[in-house]
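Next come the chains, spelled out residue by residue.
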Amino acid sequence: MLPVAGESRQAAIMNQREQMEQRGQWRITVWEEENFQGKRCEFMLECPNILDRNFQKIRSIKVDNGPWVGYEYPEFQGQQFILEKGDYPCYQAWSGNSSYRTEHMLSFRPIKCAKHSDSKITLYECEDMMGRKFEMCDDYPSLQAMGWCSKEVPSMKVNNGAWVGYQFPGYRGYQYIFERDRRQGEYRNYNEFGTQAHSNQIQSIRRIQH
């Protein structure tokens, strides 16, 4: 039986509402100057290049709904920065613990699979998810202190949620975002950690807040 016109319109309206509700789960506002001054723009979807919005730079950010990941360069390239709900009045607020501080953030996108209370990740001692493995469901400010025998994580698989790994203990150094809904959650070597990754050194890791 074919649906009547009224049912079709109602289904279309419900679908549109669902799309709007889903968009509302992610909202970020960026400013061209520090302390939320100057030109501003609000986003509910990814932004591959802020320069296309006639911005010269991003100097402050407010995340109303998230989380998001920012990138140093356009098209989601370069150093990564985790952006969870809250205020970032200056670039040091998102890059202050990085291996090197950078004023650049030129693209960003929402992290849609974060489930803080239902997260699981498996670390492997060899590339291509080979060798002994270590399953985690909690935050680890020092992997070595919790039993991981190396400063390096050659490969990993995200079973649930989204995680951020750090180059050094205490959530310091380069940041790497690992998501269940990208690469099928599989990161087979450090080249897949991010375009700024030059080694597989990861010494702390935590669940991304949503």
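Residues numbered from 1 in each chain as written. Predicted model: local features only at pLDDT ≥ 70, side-chain atom pairs only at ≥ 80, totals over all residues. Heavy atoms only, no water.

(A) Representation of the pairing of strand β1 (residues 27-33) in the model. Across the seven residues that make up β1, a large majority, five, are buried. Bridging between β1 and strand β3 (residues 60-65) involves five bridges; their strand directions are antiparallel. The residue of β3 that forms the bridge with V30 is I61. Of the strand pairs in this sheet, β1 and strand β2 (residues 37-43) are connected by five bridges, and their pairing is antiparallel. Counted as the bridge partner of I28 is F43 from β2. The hairpin turn running from β1 into β2, its antiparallel successor, is three residues long, and N35 in that turn takes a positive phi close to 60°. (Buried < 20%, exposed > 50% of the residue type's maximum accessible area, 1.4 Å probe, protein only. Helix = DSSP H or I, 4+ residues; strand = E, 2+ residues; numbered from the N terminus. Pairing = 2+ DSSP bridges.)

(B) Region of interest: the sheet that holds strand β13 (residues 186-187). Ordered by their spatial adjacency, four strands build an open sheet running β9-β8-β10-β13, and the pairing between neighbours is antiparallel. The two strands at the open ends of the sheet, each matched to only one other strand, are β9 (130-136) and β13.

(C) Geometry of the pattern of salt bridges. Counting across every chain of the model gives 14 salt bridges. E33 is paired through a salt bridge with K57; the nearest N and O atoms lie 3.4 Å apart. Of this pair, E33 sits in strand β1 while K57 is found in the loop between β2 and β3, placing the two residues 24 residues apart along the sequence. With relative accessibility at 34%, the residue E33 sits in the partly exposed group. (Salt bridge = Lys/Arg side-chain N within 4 Å of Asp/Glu carboxyl O.)

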